[in-house]
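Inside the fold
Spelled out, the chains give:
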2 protein chains.
Amino acid sequence: MNTSEFRRRGKEMVDYVADYMEGIEGRQVYPDVEPGYLRPLIPDSAPQEPDTFEDIINDIEKIIMPGVTHWHSPYFFAYFPTASSYPAMLADMLCGAIGCIGFSWAASPACTELETVMMDWLGKMLELPKAFLTENAGEGGGVIQGSASEATLVALLAARTKAIHRLQAASPELTQAAIMEKLVAYSSDQVVATLGTTTCCSFDNLLEVGPICNKEDMWLHVDAAYAGSAFICPEFRHLLNGVEFADSFNFNPHKWLLVNFDCSAMWVKKRSDLTGAFRLDPTYLKHSHQDSGLITDYRHWQIPLGRRFRSLKMWFVFRMYGVKGLQAYIRKHVQLSHEFESLVLQDPRFEICAEVTLGLVCFRLKGSNKVNEALLQRINSAKKIHLVPCHLRDKFVLRFAICSRTVESAHVQRAWEHIKELADDVLRAERE
Amino acid sequence: MNTSEFRRRGKEMVDYVADYMEGIEGRQVYPDVEPGYLRPLIPDSAPQEPDTFEDIINDIEKIIMPGVTHWHSPYFFAYFPTASSYPAMLADMLCGAIGCIGFSWAASPACTELETVMMDWLGKMLELPKAFLTENAGEGGGVIQGSASEATLVALLAARTKAIHRLQAASPELTQAAIMEKLVAYSSDQVVATLGTTTCCSFDNLLEVGPICNKEDMWLHVDAAYAGSAFICPEFRHLLNGVEFADSFNFNPHKWLLVNFDCSAMWVKKRSDLTGAFRLDPTYLKHSHQDSGLITDYRHWQIPLGRRFRSLKMWFVFRMYGVKGLQAYIRKHVQLSHEFESLVLQDPRFEICAEVTLGLVCFRLKGSNKVNEALLQRINSAKKIHLVPCHLRDKFVLRFAICSRTVESAHVQRAWEHIKELADDVLRAERE
């Protein structure tokens, strides 16, 4: 495909994407396909000669779309949101074209420097303590990871390296195995200190756990993967109180801040804790500025060597929405979840199972797990909306998460009417 | 930004991308900026009110491009190639729009199933042993990782879990620390068994190391991050001989197979070795098909929980190039590296430092490291081409890697003329 064909096909793809987004409400949110549906629909090996673009674009509706769960449908209330916005998509096109691999400053200075500044912008939106920012030439700083899992792993490995060095310095006679035996990682039943758990969006109290960690010289990593985006609103910022005790903190703008996956924002108070654990310096990656103290080589901050120019997405989204636009977006979702909560509370057959703080409502039919399992089964078989369950203290609970960028009150109302009707069926079937 | 504005801006961005690609040869391959150049050019916090798209697109040329190292310039010969093709960019636009997170089959069946089939397609292109493929309902299979580093880490953790289980079964009285002390990972001076090292593209002999690993019941992971793409050509396939002894194998289509970053292809002989190490089953990720044995939940195969619909890129690229088109692409790059090699050999002042097998030429001026460091310094200061060095047995060596999709013989000839001229200067300066 040459450049002039790309101009044509690229514009067709823009229209396909726009059509998809505009028409997504009309698509069934969860697919009808059974496991193994796809393999028989396509050849069993790659073609020797090129296929045409028409062949491929036709196959999207024929082969791919029937097997897609439409995460951006306004009837998708499952898991947690995954971000989707037009500014982020435009930035991703640019990111793909520049196509640099930003493992060092020299590999593309703009890639590294925009990331550092965007992480400062975002840190300020959250009112993170200054110690986490780069701008004042302190010891802290931010980095984009691929996922919260990677951020947690990076924090864990940095903490481990730091603890090993401390033990080795204090007791040089210890063998490696003896040191390993002394290492302990504490976690809650949702792992690490969490602000907004996946099951029910509960919050650990950092003001309690933080001082203990600091006193005992223990690394404190705080994960706010979903909830973190809400902290840009002053009325939710108090949920982050105590982050000043943390060594590292992360949340996922790719969940709820309109920056398409992947973009997990991680800050550390001491950059050298990360670079001490991950430093990698082969000759082919050395460059003249690296020992100047002026630059950041992000490969020392993460597991992979390669990295895309992901900060472009943040830059486009932050600028095209503005902080106020982003706050309005968060508030709208929170308002919709409270709207759903009040609908549930009006029906005495149902109960709310956890405090509704942000965009997640955990609810169930009063009664057995069996009846709730039956209700969820009916909901997801009808495929008009899509939910997933969780367990809260042995209770089977339905999670209603406000997800789509385009979800409105009307969708929430329709979803609730639908759930009530299915509940009627379930309860009737139970009585019979 | 609403959908109709996206239609307009998306098409403008397609043209911007096409213009960038068409004009890339005219841009200086390595930027002039100094560390810290970007921060003063942009505000120190995100705007409260939205900026316009025009503001942003203007800032790309003003702020971003001056700091970009142009990896896709035909004068970029540094590191290794990173893939860039129009079909992959089109697929990425679609991937961004669908925006599903494919952690389980149910989270988007098409995302999981296309990946499985594409990994079979690619495995067959490489003539991988059948044990690594999924199609025959065997125990093996393929997965897309983000990077070779992640693939190696996943292999290491799977190997570790397997070894721990074996030791625990054999000697139930061993403490955890005692088990840890017994674990050993062997590596060469380039880490794990490697086909095509980064420094000089050398190859480990799998036919020697493989049988030993199998006999000793040791996990063998083979990394062919760069070189793997070449194995789709029958004349290079012999370099992969012995992969039948491996437990896991990976290479990066995002390097040399025209599938834009990130796309690291990993296969294992026994899926259960991975899923045994990484299994994660909270209630909110359970779905009705998961215990049917019919489906794949890729979250058990990797470090992160989330994953994009990356197989779309493979599908578009494999179909729009065809196997023959991909082979022609590899062969052209190999031919260009041999052309450069022969130019070097014609100049008695220079020497070739490692066998030229694929697209990398390691060369140097006969003489001291100092004179070669001076030559590289002049090359990268002139910024007409971009190279990085390596060390081969204490010798400072220049790496000339064929990288760009659009590089032609004329660029290689011009690069060599330029290097010779700078060598004249360096040698003259040395005599003076």
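Residues numbered from 1 in each chain as written. Chains lettered and ligands numbered in written order. Predicted model: local features only at pLDDT ≥ 70, side-chain atom pairs only at ≥ 80, totals over all residues. Heavy atoms only, no water.

Heads up, the rule is: UniProt positions are given in the numbering used here, feature names are shortened, and annotations may be inferred rather than shown by experiment.
Under an unreviewed UniProt entry, the name given to chain A is Aromatic-L-amino-acid decarboxylase, and the organism recorded is Papio anubis. In its Sequence similarities (unreviewed entry) section, the UniProt entry covering chain A states "Belongs to the group II decarboxylase family."

1. Notes on helix H3 (residues 86-98) of chain B
One full turn of an α-helix is made of 3.6 residues, so residues set three or four places apart face in the same direction. This is how it is decided: Helix and strand assignments follow DSSP, with helices taken as H or I runs no shorter than four residues and strands as E runs no shorter than two, numbered in order from the N terminus. The span expected for a helix works out to 1.5 Å for each residue beyond the first. With a 1.4 Å probe rolled over the protein chains alone, any residue whose accessible area is under 20% of its type maximum counts as buried; one over 50% counts as exposed, and the rest are partly exposed. The criterion used for residue contact is that any of the two residues' heavy atoms lie within 4.5 Å.
Look at H3(B): 19 Å from first C-alpha to last across 13 residues, which is about the 18 Å you get at 1.5 Å a residue. Taken across its 13 residues, H3(B) has 12 buried, putting it largely inside the fold. On its buried side, H3(B) packs onto helix H1 (3-23), helix H2 (53-64) and helix H3 (86-98) of chain A together with helix H1 (3-23) and helix H10 (311-345) of chain B. Immediately beyond the C-terminal end of H3(B), within one or two residues, lies Gly99(B), with a positive phi of roughly 50°.

2. Some thoughts on the domain arrangement of chain A
This is how the line gets drawn: Residue ranges for the domains trace back to a domain assignment, done automatically or taken from a database.
We note that the domain assignment places domain 1 (3-82) and domain 2 (100-308) within chain A. Using only C-alpha atoms to locate each centre, domain 1 of chain A and domain 2 of chain A end up separated by 36 Å.

3. Examining the packing of aromatic side chains
Residues and elements named next belong to chain A. The cut-off we apply is this: A pair of Phe, Tyr and Trp rings is counted when the ring centres sit within 6.5 Å of each other, with Trp represented by its six-membered ring. The angle between the planes then sorts it: under 30 degrees is stacked, over 60 is edge-to-face, the rest tilted. Any Lys NZ or Arg CZ found within 6 Å of a ring centre and within 35 degrees of that ring's normal is scored as a charge over the ring.
All told, the structure shown has 40 aromatic pairs over all chains when counted by the stated rule. One aromatic cluster is present, built from ring pairs that chain together Phe77, Phe340, Phe350, Phe363, Phe400 and Trp416. Over the face of the ring belonging to Phe80 we find Arg399, whose NZ or CZ atom lies 4.9 Å from the ring centre. Here the guanidinium or amino end of Arg405 rests over the ring plane of Tyr86, the centre of that ring lying 5.0 Å away.

4. Re the interface of chain A and chain B
The following threshold applies: Buried area is calculated as the accessible area (1.4 Å probe) missing from two parts once they are joined, with the contributions of both summed. When a carboxyl oxygen of Asp or Glu lies within 4 Å of a side-chain nitrogen of Lys or Arg, that pair is called a salt bridge. What qualifies as a polar contact is a pair of N or O atoms within 3.5 Å, subject to a donor-acceptor requirement within protein and to the restriction that residues adjacent in sequence count only when both atoms come from side chains. The residue classification treats Ala, Val, Leu, Ile, Met, Phe, Trp, Tyr, Cys and Pro as nonpolar and Asp, Glu, Lys and Arg as charged. All others, Gly included, are polar.
Contacts between the two partners involve 124 residues from chain A, matched on the other side by 124 residues from chain B. Between chain A and chain B, roughly 10,900 Å² of surface is buried when both sides are summed, and carbon and sulfur atoms account for 68% of that area. Linking chain A with chain B are 16 salt bridges, by the criterion used here. The closest approach of N and O atoms between Lys11(A) and Asp15(B), which form a salt bridge, is 2.8 Å. Summed over the shared surface of chain A and chain B, the result is 54 residue pairs in polar contact (both at pLDDT 80 or more). Tallied by class, the residues present in the side of chain A that touches chain B amount to 71 nonpolar, 28 polar and 25 charged.

5. Some thoughts on the pattern of salt bridges
Two side chains of opposite charge can pair, provided their charged atoms sit close to one another. Scanning the entire structure with this criterion turns up 62 salt bridges over all chains. Notably, a salt bridge pairs Glu12(A) with Arg8(A), separated by 3.5 Å at the nearest N-O pair. With Glu12(A) and Arg8(A) both in helix H1 and 4 residues apart, this pair spans about one turn of that helix. Exposure remark for Glu12(A): the relative accessible area of 32% places this residue in the partly exposed category. A salt bridge links Arg319(B) to Asp59(A), with the shortest nitrogen-to-oxygen separation between them at 2.7 Å.

6. A short note on the sheet that holds strand S4 (residues 248-251) of chain B
Residues and elements named next belong to chain B. As a reminder, the rule being used: We treat two strands as partners when DSSP finds at least two bridges between them. Throughout, an axis means a line fitted to C-alpha atoms (over the contacting stretch in the case of helices), and angles, computed between N-to-C directions, take values from 0 to 180 degrees.
If you trace the 5 strands from one edge of the open sheet to the other, you get S1-S5-S4-S3-S2, paired in mixed fashion. Two strands bound the open sheet, and with one partner strand each, they are strand S1 (141-145) and strand S2 (193-194). Where strand S3 (residues 221-223) meets S4, 3 bridges bridge the pair, whose relative direction is parallel. Note that in S4 the partner of His221 across the bridge is Ser248. Across the sheet, helix H4 (residues 109-125) is in contact with S1, S4 and strand S5 (264-268); its angle to S5 comes to roughly 85°.

7. Some details on the UniProt feature "modified residue: N6-(pyridoxal phosphate)lysine" (unreviewed entry) in chain A
Residue and element names in this part refer to chain A. Taking the numbering used here, the UniProt-annotated feature "modified residue: N6-(pyridoxal phosphate)lysine" (unreviewed entry) corresponds to Lys255. One can find Lys255 in helix H8 (residues 253-256). Ignoring any residue separated from it by four or fewer positions in sequence, one finds Lys255 in contact with Phe80, Pro81, Thr82, Ala83, Ala225 and Tyr226.

8. Observations regarding unusual backbone geometry
Residue Asp262(A) is reached from Phe261(A) by a cis peptide bond, and omega for that bond is 0°. Along the chain, Asp262(A) turns up in the loop between H8 and strand S5 (264-268). Phi angles above zero are rare outside glycine, and Asp394(B) is one such case at about 70°. Of note, Asp394(B) is situated in the loop between strand S8 (388-392) and strand S9 (395-401). For Asp394(B), a relative accessible area of 68% gives the class exposed.

9. Considering the relation of the copies chain A and chain B
We apply this condition: We place the copies in one frame by least squares, fitting the C-alpha atoms of every residue whose pLDDT is at least 70 in both.
Between chain A and chain B, the superposition needs a rotation of 180° and an axial shift of 0.0 Å, giving an RMSD of 0.0 Å. With respect to symmetry, the two chain copies, as superposed, fit the operation of a two-fold axis. Comparing interface residues between copies, 100% of those in chain A also sit at the interface in chain B, which points to an isologous, same-surface contact.

10. Notes on H2(A)
Cut-off, in case you're wondering: Working note: the arc is built from the helix axis to C-beta atom directions.
Of all the positions in H2(A), only Phe53(A), Ile56(A), Ile57(A), Asp59(A), Ile60(A), Ile63(A) and Ile64(A) are classed as buried. Buried residues in H2(A), looked at end-on, bunch into an arc of 155°, giving them a common side. Check the buried side of H2(A) and you find it contacts H1 of chain A together with H3, H4 and H10 of chain B.

11. Focus on the nonpolar core
Rule in force here: Note on terminology: a nonpolar core comprises buried Ala, Val, Leu, Ile, Met, Phe, Trp, Tyr and Cys residues joined through side-chain atoms within 4.5 Å.
Counting residues in each nonpolar core, the largest one holds 231 residues, and the members touching the most others are Ile64(A), Trp315(A), Phe318(A), Ile64(B), Trp315(B) and Phe318(B). Apart from residues no more than four positions distant in its own chain, Phe318(B) is found in contact with Ala46(A), Pro47(A), Met118(B), Trp121(B), Leu122(B), Met125(B), Leu257(B), Val259(B), Val323(B) and Leu326(B).

12. Focus on the sheet that holds strand S6 (residues 350-352) of chain B
Residue and element names in this part refer to chain B. Spatially, 4 strands are ordered S6-S7-S9-S8 in an open sheet, and the strand pairing comes out antiparallel. Pairing within the sheet leaves two strands with one partner each, and these edge strands are S6 and S8. Averaged over all adjacent pairs, the angle separating strand axes in this sheet is 40°, with direction ignored. As judged from the 4 bridges shared by strand S7 (residues 360-365) and S9, these two strands associate in the antiparallel manner. For Val361, the partnering residue across the bridge sits in S9 and is Phe400. Across the face of the sheet, H10 comes into contact with S6, S7 and S9 while running at roughly 15° to S7. In this fold helix H12 (residues 409-431) packs onto S6, S7 and S9, with an angle of close to 20° to the strand it touches most, S7.

13. Some points on the packing of helix H10 (residues 311-345) of chain A against helix H2 (residues 53-64) of chain B
Note the cut-off: By convention the crossing between two helices is left-handed if the near helix lies anticlockwise of the far one by an angle smaller than a right angle, and right-handed if it lies clockwise.
Their axes nearest at 10 Å, the elements H10(A) and H2(B) cross at an angle of 145°. Relative to H2(B), the crossing made by H10(A) is right-handed. Residues Leu312(A), Trp315(A), Phe316(A), Arg319(A) and Met320(A) of H10(A) form the contact with H2(B), whose participating residues are Phe53(B), Asp55(B), Ile56(B), Asp59(B), Ile60(B), Ile63(B) and Ile64(B).

14. Points about the pairing of strand S9 (residues 395-401) of chain A
Side-chain positions along a regular strand alternate between the two faces of the sheet. Residue and element names in this part refer to chain A. With respect to burial, S9 is a largely interior element, 6 of its 7 residues being buried. In the sheet, strand S8 (residues 388-392) pairs with S9 via 5 bridges, with the strands oriented antiparallel. Its bridge partner being in S9, Val388 is matched across the sheet by Arg399. Hairpin connection of S8 to S9: 2 residues between the antiparallel strands, including Arg393 at a positive phi of 45°.

15. Brief notes about the state of the cysteines
Residue and element names in this part refer to chain A. Threshold: Disulfides are defined in this document as cysteine sulfur pairs within 2.5 Å.
For the structure shown, the criterion picks out 0 disulfides over all chains. Of all cysteine sulfurs in the structure, the one in Cys201 sits closest to Cys403, which takes part in no disulfide; the separation is 12 Å. Assessed through its relative accessible area of 4%, Cys403 is described here as buried.

16. Things to note about the packing of helix H4 (residues 109-125) of chain A against H10(A)
Residue and element names in this part refer to chain A. So the rule is basically this: Here roughly perpendicular refers to angles of 65 to 115 degrees, roughly parallel to angles under 35, roughly antiparallel to angles over 145, and oblique to all remaining angles.
At a closest axis distance of 10 Å, the pairing of H4 and H10 adopts a crossing angle of 25°. Relative to H10, the element H4 is oriented roughly parallel. Between H4 and H10 lies a crossing of left-handed hand. For the pair formed by H4 and H10, the contact residues are Cys111, Leu114, Glu115, Met118, Met119, Trp121, Leu122 and Met125 on the first element and Ser311, Leu312, Met314, Trp315, Phe318, Arg319, Val323 and Leu326 on the second. Grouping the constituent residues of the contact of H4 with H10 by class yields 13 nonpolar, 1 polar and 2 charged.

17. A closer look at the confidence of the model for chain A
Here is the rule we go by: Values of pLDDT, the confidence the predictor places in each residue, fall between 0 and 100.
Summarising the model, chain A shows a mean pLDDT of 94, and 100% of its residues fall at 70 or more. Overall fold confidence (pTM) sits at 0.96, and the ipTM for the predicted complex is 0.95.

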